[in-house]
Amino acid sequence: MNRVRAEIIRYLATESAGATSGQIARDLEATYQTIFRHLQDLEGQGIVESDGTSNRHGQRVIYRLDKQERDRALSNYAKYLDGK
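Basis of the calculations
Along each chain, the written sequence defines residue order, and numbers are assigned to residues from 1. Where local features are concerned, this predicted model is filtered to residues with pLDDT of at least 70; where side-chain atom pairs are given and counted, the filter is 80 or more; whole-chain, interface and lining totals use all residues. Calculation of side-chain values draws on the structure's entire complement of heavy atoms; hydrogens and water are dropped beforehand. Put simply, DSSP marks the helices as runs of H or I at least four residues long and the strands as runs of E at least two long, and each gets a number from the N terminus on. Here the globule rule is a power law, 2.2 Å times the number of residues to the power 0.38, and the radius of gyration is based on C-alpha atoms. Burial classes follow relative accessibility: with a 1.4 Å probe on protein chains only, a residue under 20% of its type's maximum area counts as buried, one over 50% as exposed, and anything between as partly exposed. Should any heavy atoms of two residues lie within 4.5 Å, those residues are counted as being in contact. Computed with the Shrake-Rupley method and a 1.4 Å probe, the accessible areas treat only the protein chains shown as cover for residues. A residue counts as positive if it is Lys or Arg and as negative if it is Asp or Glu; His and the chain ends are not included. To locate a charge, take atom NZ for lysine, CZ for arginine, CG for aspartate or CD for glutamate. Salt bridge, as used here: a side-chain nitrogen of Lys or Arg that lies within 4 Å of a carboxyl oxygen of Asp or Glu. Helix span, expected: 1.5 Å multiplied by one less than the number of residues in the helix. N or O atoms within 3.5 Å of each other form a polar contact, as long as, within protein, one can give a hydrogen and the other can take it, and as long as residues adjacent in sequence are counted only when both atoms are side-chain atoms. Angles shown run from 0 to 180 degrees and are taken between the N-to-C directions of axes, each axis being a line fitted to C-alpha atoms and, for helices, limited to the stretch in contact. Small angles under 35 degrees read as roughly parallel and large ones over 145 as roughly antiparallel, with 65 to 115 read as roughly perpendicular and the rest as oblique. Handedness of a crossing is defined here by the sense of rotation of the near helix relative to the far one, left-handed for an anticlockwise turn of less than a right angle and right-handed for a clockwise turn. Polar here means any residue other than Ala, Val, Leu, Ile, Met, Phe, Trp, Tyr, Cys and Pro, which are nonpolar, and Asp, Glu, Lys and Arg, which are charged; Gly is therefore polar.

Trainee: Would you take a moment to explain the overall build of the chain for this structure?
Mentor: Across its full length, the chain holds four helices and two strands. Of the regular secondary structure in the chain, the N- to C-terminal order runs α-α-α-β-β-α. In terms of overall size, the chain behaves like a compact globule, its C-alpha atoms giving a radius of gyration of 13 Å where 84 residues would be expected to give roughly 12 Å. The principal-axis extents of the C-alpha atoms in the chain amount to approximately 45 × 25 × 20 Å. Here the chain holds 84 residues, and 29% of them are scored as buried. Within the chain, contacts between residues at least 6 apart in sequence are counted, and of these 44% link residues at least 24 apart. Accessible surface computed for the chain: about 5800 Å², of which carbon and sulfur atoms make up 46%. Each charge class in the chain was averaged separately, 13 positive and 12 negative side chains, and the resulting centres sit 2 Å apart.

Trainee: Looking at this model, I keep getting lost on the pattern of salt bridges. Mind explaining?
Mentor: Following the criterion strictly, the structure yields four salt bridges and no others. Where glutamate 7 meets arginine 3, a salt bridge forms, and the shortest distance between an N and an O atom there is 2.3 Å. A residue pair is termed a helical-turn pair when its members lie 3 or 4 positions apart in one helix, as glutamate 7 and arginine 3 do in helix H1 (residues 3-14) at four residues. Measuring nitrogen to oxygen at the nearest pair gives 2.4 Å for the salt bridge that ties arginine 5 to aspartate 41. In this pair, arginine 5 is assigned in helix H1 and aspartate 41 in helix H3 (residues 32-44), connecting sequence segments 36 residues apart. Residue classification places arginine 5 among the buried residues on the basis of a relative accessible area of 17%.

Trainee: What is the right way to look at helix H4 (residues 67-81) in this model?
Mentor: Three or four residues apart is the spacing at which side chains of an α-helix point the same way, because the helix has 3.6 residues per turn. Taking 1.5 Å per residue as the helical rise, H4 with its 15 residues ought to reach 21 Å, and the 21 Å between its terminal C-alpha atoms agrees with that figure. The N-cap residue of H4 is aspartate 66: its side-chain oxygen and the backbone nitrogen of glutamine 68 are 3.2 Å apart. Positive phi shows up at glycine 83, right after H4, with a value of about 80°.

Trainee: Sorry if this is basic, but what is going on with the packing of helix H2 (residues 21-28) against H3 here?
Mentor: The axes of two packed helices give the description: the angle between them and the distance between them. Between H2 and H3, the shortest axis-to-axis distance is 9 Å and the interhelical angle comes to 120°. Relative to H3, the element H2 lies oblique. Judged by the sense of rotation from one axis to the other, the crossing of H2 with H3 is right-handed. On the side of H2, the interface is formed by Ser21, Gly22, Ile24, Ala25 and Leu28, while H3 contributes Tyr32, Ile35, Phe36 and Leu39. Of the residues assigned to the contact of H2 with H3, the class counts are seven nonpolar, two polar and no charged.

Here it is as structure tokens:
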């Protein structure tokens with residue numbers, strides 16, 4: 001797993017109320033663009049969810065970790081590594 005994605009998942013695991021992409025970028029000392037790109041990918045996988053709509057321009061979007069989907073993805077990854 002990509003280090004930045006792992007840091008985002010870990011960060012959101014500690015923020016039960018969620019966080020904005022800008023807040024995550026500041027706290028992880030990464031660029032907004034990098035964090036946003038990873039959040040979009042994680043959201044597409046279902047691991048991260050947001051309160052934003054398809055039209056996000058000018059909105060504060062809060063991202064939250066879906067722990068069930070994270071655990072499912074980790075389980076599937078372990079099965080893959082085990083050759084199953």
